[in-house]
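A look at the structure
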Amino acid sequence: MNSFLSILKETADLPGKKNIRLHELEYLWETAKQFEINRIIESGTYYGLTAIRLNKLYPECSVYTFEIRKERWRKIPKEHLGKNIYFKHGELINSINLVTSDSLVVIDGPKRERAINLARKCAKIVPIVGIHDMLEYEYLLKKTFVDYRMCGVLAVVTLKKDVIFPC
Ligand SMILES: C[S@@+](CC[C@H](N)C(=O)[O-])C[C@H]1O[C@@H](n2cnc3c(N)ncnc32)[C@H](O)[C@@H]1O
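1. Comments concerning the site of the ligand
- Taken together, 20 residues surround the ligand, and among them N19, G44, Y46, Y47 and G109 come closest.
- Those elements giving two or more residues to the shell around the ligand turn out to be α3 (49-57) and β2 (62-67).
- Taken together, the residues that form the shell around the ligand break down as 6 nonpolar, 8 polar and 6 charged.

Written out as structure tokens, the structure is:
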């Protein structure tokens, strides 16, 4: 069983709502394999499901997950939290110094243009950024990034020319 299938098995029954689907996360993870990833940054914690999955996929990395509505953390199944997950109250845009060149950035709140602006700032530092719920915003992705791919409603975007996207 590969590690992605074990993540699927371990987290299949956890609560979640409007979170990144497993096939979307798998695409991001596959794309990220060409880079050395040492830190995970997520914007939009809510149920913590993506943070928990990322923590399982990258057990050696710290996961920093930002949420503007702190009360939402009540929904996180604490028994599934591994070490290395750091909850941050507020917006990632105000803590951009946490984003290092070896980070994997995932944005699932804010949405729309604000998500694209945040992704653009991060993509100046990191090779790829995942942005959720981007299906209706492909025209903006085309204008803003050097390249991007959609997997479901997740866009994986880059400002670099040499990123290889799996088909
Ligand atoms: C679709 S949910 C995220 C799902 C989550 N990743 C999960 O696995 O359950 C979006 C979350 O982003 C939060 N949010 C919206 N705008 C935000 C911002 N600018 N910074 C941080 N969090 C934000 C919302 O409060 C909401 O909880």
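So that's the structure; there's more coming.
2. As for the sheet that holds strand β7 (residues 154-158)
- Spatial strand order, β3-β2-β1-β4-β5-β7-β6: 7 strands in an open sheet with mixed pairing. Strand pairing shows two members of the sheet lacking a second neighbour, β3 (85-89) and β6 (147-151), which therefore form its edges. Each neighbouring strand pair of the sheet contributes to a mean axis angle of 20°, computed without reference to strand direction.
- In this structure, β2 lies alongside β3, joined through 5 bridges in parallel fashion. Its bridge partner being in β3, T65 is matched across the sheet by F87.

3. Here's the deal with the nonpolar core
- Within the largest apolar cluster, 40 residues are counted, with the highest numbers of intra-cluster contacts made by V105, A119, V129, I131, V156 and V157.
- In terms of residues, this core owes the most to one element, helix α4 (residues 112-123), which gives 6 residues.
- When residues no more than four places from it in sequence are discounted, the contact partners of V157 are A119, A123, I128, V129, I131, L141, F145 and Y148.

4. Considerations on the pairing of β7
- Among the 5 residues that make up β7, 5 are buried, leaving the element largely enclosed by the rest of the structure.
- Here β7 shows no split at all, with L154, V156 and T158 on one side and A155 and V157 on the other all buried.
- Here β6 pairs with β7 via 5 bridges, running antiparallel. Its bridge partner lying in β7, Y148 is registered against V157.

5. Structural notes on the packing of helix α1 (residues 3-11) against α3
- Interhelical geometry of α1 versus α3 gives an angle of 140° and a closest axis separation of 10 Å. As summarised for this structure, α1 and α3 are arranged oblique, according to the angle between their axes. Helix-helix and strand crossings are classified by hand; for α1 and α3 the assignment is right-handed. Listed contacts from α3 to S3, I7, E10 and T11 of α1 are L49, I52, R53, K56 and L57.
- When its residues are assigned to classes, the contact of α1 with α3 shows 4 nonpolar, 2 polar and 3 charged.

What counts and how
- Residues numbered from 1 in each chain as written.
- Predicted model: local features only at pLDDT ≥ 70, side-chain atom pairs only at ≥ 80, totals over all residues.
- Near = placed C-beta within 6 Å.
- Helix = DSSP H or I, 4+ residues; strand = E, 2+ residues; numbered from the N terminus.
- Nonpolar A, V, L, I, M, F, W, Y, C, P; charged D, E, K, R; others polar.
- Pairing = 2+ DSSP bridges.
- Axes fitted to C-alpha atoms, helices over the stretch in contact; angles between N-to-C directions.
- Core = buried A, V, L, I, M, F, W, Y, C linked by C-beta atoms within 7 Å.
- Buried ≥ 20, exposed ≤ 12 C-beta atoms within 10 Å, placed from the backbone.
- Contact = placed C-beta atoms within 7 Å.
- Parallel < 35°, antiparallel > 145°, perpendicular 65-115°, else oblique.
- Left-handed = near helix turned anticlockwise from the far one by under 90°.

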